[in-house]
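# Fold and geometry: a report
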Amino acid sequence: MPADYVIVGAGLFGVTFARNVAEQGRTVVLVDKRSHIGGNCYTEDRGGIHVHMYGPHIFHTDDPDIWEFVQRFAKFNHYRHRGCVHYKGRIFSFPINLHTLHQLWGVTTPAEAEHKLAEVRIPCANPRNLEQWILSQVGRELYEIFIHGYTSKQWNCDPKELPSSIIRRIPIRLTYDDRYFNDRFQGIPIGGYTALIMNMLDHPNIRFETDVDYFENQREVKSLGQTLVYTGKVDEFFDYRYGRLEYRSLRFEQEEHAGDYQGVSIANYTDPEVPHTRITEHKHFEFGNQSHTVITREFPEQYDETKTPYYPIRDEANSKVYDRYRMLAQTSNVIFGGRLGTYQYFDMHQVIAQALVASNKARLAA
Ligand code: UDP
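Numbering of residues starts from 1 in every chain and runs along the sequence as written. Selection of residues for local features in this predicted model requires a pLDDT of at least 70, selection of side-chain atom pairs for listing and counting requires 80 or more, and totals for whole chains, interfaces and linings are taken over all residues. Only hydrogens and water are set aside; all other atoms, that is, all heavy atoms of the structure, feed into the side-chain values.

Criterion for a salt bridge: a side-chain nitrogen of Lys or Arg within 4 Å of a carboxyl oxygen of Asp or Glu. Tallied over the entire structure, the rule returns 23 salt bridges. In this structure, Lys88 and Glu273 form a salt bridge, with 3.2 Å as the shortest nitrogen-oxygen distance. Here Lys88 is found in the loop between strand S6 (83-87) and strand S7 (90-94), whereas its partner Glu273 is found in the loop between strand S12 (266-269) and strand S13 (278-281), with 185 residues between them in sequence. Through salt bridges with shared partners, a single network forms among Arg251, Glu253, Glu301, Asp304 and Lys307. Only DSSP runs of H or I covering at least 4 residues are called helices, and only runs of E covering at least 2 are called strands; the numbering of each starts at the N terminus.

Another point: the layout of surface pockets. Cavities and pockets were defined on a 1 Å grid built over protein atoms only: a cavity is a set of grid points that admits a 1.4 Å probe from which the probe cannot escape, a pocket is an open set flanked by protein on both sides within 12 Å along at least five of seven lines, and lining residues are those with an atom within 4 Å of any such point. Grid points are joined across faces, edges and corners, and a volume is the space filled by probe spheres set on the points. Quantified by volume, the second largest pocket comes out at close to 640 Å³. Residue lining of the second largest pocket: 26 residues in total, with Val334, Ile335, Phe336, Ala358 and Lys361 positioned closest to the centre. Those elements giving two or more residues to the lining of the second largest pocket turn out to be strand S1 (3-8), strand S10 (225-230), helix H10 (316-331), strand S16 (335-336) and helix H12 (348-365). With six residues, the top contributor of residues to the lining of the second largest pocket is H12. Residue composition of the lining of the second largest pocket, grouped by class: 13 nonpolar, nine polar and four charged. Charged residues are taken to be Asp, Glu, Lys and Arg, nonpolar residues to be Ala, Val, Leu, Ile, Met, Phe, Trp, Tyr, Cys and Pro, and polar residues to be all remaining types, Gly included.

It is worth spelling out the nonpolar core at this point. Core analysis: the biggest nonpolar cluster contains 109 residues, and Tyr5, Phe17, Phe59, Leu142 and Phe146 have the highest contact counts within it. Top element by residues in this core is helix H5 (residues 130-155). It accounts for eleven residues. A contact between two residues is defined here by any heavy atoms of the two lying within 4.5 Å. Ignoring anything within four residues of it in the chain, the contact list for Phe146 reads Val85, Phe92, Ser93, Phe94, Ile96, Thr100, Leu104 and Thr270. Counting six residues, the second-largest nonpolar core is a separate cluster that includes Cys84, Tyr269, Ile279 and Ile295. Definition of nonpolar core: a set of buried residues of the types Ala, Val, Leu, Ile, Met, Phe, Trp, Tyr and Cys, connected through side-chain atoms within 4.5 Å. Burial classes follow relative accessibility: with a 1.4 Å probe on protein chains only, a residue under 20% of its type's maximum area counts as buried, one over 50% as exposed, and anything between as partly exposed.

Let us look at the sheet that holds S7. If you trace the seven strands from one edge of the open sheet to the other, you get S7-S6-S12-S13-S14-S11-S15, paired in mixed fashion. The open sheet has two edge strands with one neighbour each: S7 and strand S15 (311-312). The pairing criterion for strands is at least two bridges between them, as found by DSSP. Where S6 lies against S7, five bridges are found, and the strand directions are antiparallel. Paired with Tyr87 across the strands is Arg90, a residue of S7.

A separate point is the site of the ligand. As a matter of local geometry, the ligand sits amid 18 residues, with Phe146, Thr151, Tyr180, Tyr311 and Tyr345 nearest to it. Here Thr151 contributes a side-chain N or O atom positioned 2.8 Å from an oxygen atom of the ligand. The definition of a polar contact used here is a pair of N or O atoms within 3.5 Å, where within protein one atom must be able to donate a hydrogen and the other to accept one, and adjacent residues in sequence count solely through side-chain atom pairs. A distance of 2.4 Å separates an oxygen atom of the ligand from a polar side-chain atom of Tyr311. Protein chains shield 93% of the accessible area of the ligand, which is 530 Å² for the free molecule. Elements with a minimum of two residues in the shell around the ligand: H5 and helix H6 (165-168). Here the shell around the ligand takes six residues from H5, the largest share from any one element. A class-by-class count of the residues in the shell around the ligand yields twelve nonpolar, four polar and two charged. The cutoff for a nearby residue is simple: one of its non-hydrogen atoms must lie within 4 Å of the molecule or strand. With residues, only the protein chains shown are counted as cover, and all accessible areas are computed by Shrake-Rupley using a 1.4 Å probe.

The subject of this paragraph is the packing of aromatic side chains. Stacked, edge-to-face and tilted labels apply to pairs of Phe, Tyr and Trp rings (six-membered ring for Trp) whose centres lie within 6.5 Å, assigned for plane angles under 30 degrees, over 60, and everything in between, in that order. Taken as a whole and assessed by the stated rule, the structure comprises 32 aromatic pairs. Centre to centre, the rings of Tyr5 and Phe17 are 5.3 Å apart; their planes meet at 75°, and the pair counts as edge-to-face. With a gap of twelve residues between them, Tyr5 in strand S1 and Phe17 in helix H1 (residues 12-23) connect regions that are remote in the sequence. Of the two residues, Tyr5 and Phe17, both sit in the buried class. Ring geometry for Tyr230 and Phe237: centres 4.6 Å apart, planes at 50°, overall tilted. Only lysine NZ and arginine CZ atoms are considered, and such an atom sits over a ring when it is within 6 Å of the ring centre and within 35 degrees of the ring normal. Seen from the ring of Tyr345, Arg169 lies directly overhead, with NZ or CZ sitting 4.1 Å from the centre.

The values reported here are purely geometric and, on their own, carry no functional implication.
Dropping the structure here:
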């Protein structure tokens, strides 16, 4: 007998959806084409260090309900992310805060910083792109050091062609508060994300299977459940009938070293000449003091069908194409979710929120 739901993709959307409907008495089969669960949150244990295999994941939310939800499946540590930028041999505090401005300009108080910023800002009444917006906030020197190189590498285009929303997620502060996120609740699941996801799937109403490619087994997969929930690329689902949406991909290079490599979990490299955007040293997410360490260099890459689509490129042209797919999705009897299913640059807490809303709505409609 088919389950109530068959979910394609065991990332955070699929797993949250599965857990929520399972707790409401529904049955679920979850399939994933990868040989593991957890989507891009997946972590692997390397001698006690939980390696974030698809890039660093730092949990943060302002929503007490989301925080309460995830805490049912893992204990979170007190990790607070603080960035660090390497630029032409110098190291700066990041996101831009009073300490950064002190390092650059020698200012020490918020008033001094404001005075200096007022001199360098390039006002723009109606900033239409990322570059105009950031220049209007912090001026050219900071733009060149912190934003221009990193953003050009990450997105492979001129920041003039990007929406400012990409960068507005990062705070700019005139205090010594150097936390990356403003959210009240933050941390890393102790034991890694894979354990968190496994606990979410640990319910008698949930079955899951890895190494199952939806497109190669469409008929069988669909027959596993009455309602299909799909979290892969929405354009691929509809056979690219309105054209291909654009994504940005990444390549990771992992190394093991003795001791402590860089003294911080993530170091951003903002020089345009350095090919990687960041180096993640995984043990610092859990305050590890192992005698070895694992680091990952992250290289942005052009996406093609052989690679993993990490970031949707939500510029104007792609948004128009996506809008057509969205309309199509609404008229189908399939539930779409997650970064790829709804073509959105989501953080983990947003994916969970989206999955809870979608699964509650599905229950009411049933
Ligand atoms: N960014 C930047 N310099 C940095 C870090 C980030 O210019 O040192 C910009 C860049 O355009 C990036 C965006 O801010 O794509 C969002 O950064 P975030 O760290 O939130 O990216 P994620 O971790 O989601 O890749």
